[in-house]
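# Results of the structural survey
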Amino acid sequence: MPTPSRAPAPRGWLVKTEPDVYSIDDLKRDRTTGWDGVRNYQARNFMRDEMKKGDPVLIYHSNAEPPGIVGLATVSREGHPDPTALDPDDPHFDPKSDPANPRWIQVELRFKRKFGRLLPLADLRDDPDLVGMPLLQRGQRLSVQPVSPAHLERVLTLAGSPPSR
DNA sequence: GCCAACGTTGGC
DNA sequence: GCCAACGTTGGC
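Just so it is clear, the structure is predicted and the values come from calculations on it, not from any experiment. (Residues numbered from 1 in each chain as written. Chains lettered and ligands numbered in written order. Predicted model: local features only at pLDDT ≥ 70, side-chain atom pairs only at ≥ 80, totals over all residues. Heavy atoms only, no water.)

A few words on the protein's contact with DNA strand B. Looking at DNA strand B, the residues that line it are Tyr-41, Lys-96, Arg-138, Gly-139 and Arg-141. Taking all atoms of DNA strand B within 4 Å of the protein, the share assigned to sugar and phosphate is 73%. Residues of the surface near DNA strand B, tallied by class, amount to one nonpolar, one polar and three charged. (Near = heavy atom within 4 Å. Nonpolar A, V, L, I, M, F, W, Y, C, P; charged D, E, K, R; others polar.)

Most of strand β4 (residues 68–81) sits inside the fold, with ten of its 14 residues counted as buried. The pairing of strand β3 (residues 56–61) with β4 spans six bridges and is classified as antiparallel. Its bridge partner being in β4, Leu-58 is matched across the sheet by Leu-72. Of the strand pairs in this sheet, β4 and strand β5 (residues 105–120) are connected by ten bridges, and their pairing is antiparallel. Bridge assignment links Arg-77 to a residue of β5, and that residue is Glu-108. (Buried < 20%, exposed > 50% of the residue type's maximum accessible area, 1.4 Å probe, protein only. Helix = DSSP H or I, 4+ residues; strand = E, 2+ residues; numbered from the N terminus. Pairing = 2+ DSSP bridges.)

Now for the pattern of salt bridges. Tallied over the full model, the rule gives eight salt bridges. Linking Lys-114 and Asp-25 is a salt bridge whose minimum nitrogen-to-oxygen distance equals 3.0 Å. Linking Lys-114 in strand β5 with Asp-25 in helix α1 (residues 24–30), this pair joins segments that are 89 residues apart in sequence. Looking at Lys-114, the relative accessible area reads 41%, which means it is partly exposed. Residue Arg-154 is joined to Asp-127 by a salt bridge in which the shortest nitrogen-to-oxygen separation is 2.9 Å. In this pair, Arg-154 is assigned in helix α4 (residues 149–158) and Asp-127 in the loop between α3 (121–125) and β6 (144–147), connecting sequence segments 27 residues apart. Judged by its relative accessible area of 24%, Arg-154 falls in the partly exposed class. Each of the salt bridges in this network shares a partner with another, and the network as a whole consists of Asp-26, Arg-29 and Asp-30. (Salt bridge = Lys/Arg side-chain N within 4 Å of Asp/Glu carboxyl O.)

See below:
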């Protein structure tokens, strides 16, 4: 029998940022921002190929005390060239990127909410429901990574937020 | 500040 | 194409 066509399961994401550089409060202030400066091919490919408008995005503070997940955003614009790679005055300028065929991609994120409390990395590591989450894997340092629906729901529950929407 | 893990670079 | 050297990330 024919399988009814069904929308693909919504994908969740997690992005890292150093709060000294750009924090959840900065995103709240700006409301939207181009997630620029990512210079890793795997992370770029997620932004270029897989992050879709409306996808939920967890915001993670790295190099913070303590490090942890601090809030939620959404993809408000899909992959497009990262202007900082083409700007010689920008610290993320990449002279090897051809302006006619830009090498680096960003998405635009829109602030959704800041959690009432930071969810510390150490606590997430201890949560049996989060086993296998890429963030928690040893030596993992991707700054853009997928989050399964189950892990996303668990994080939102820990944050005291509704599991969807 | 230390250092493990990982990605990139470049000599060969 | 191998791999050592180097630079970066990021927790601790």
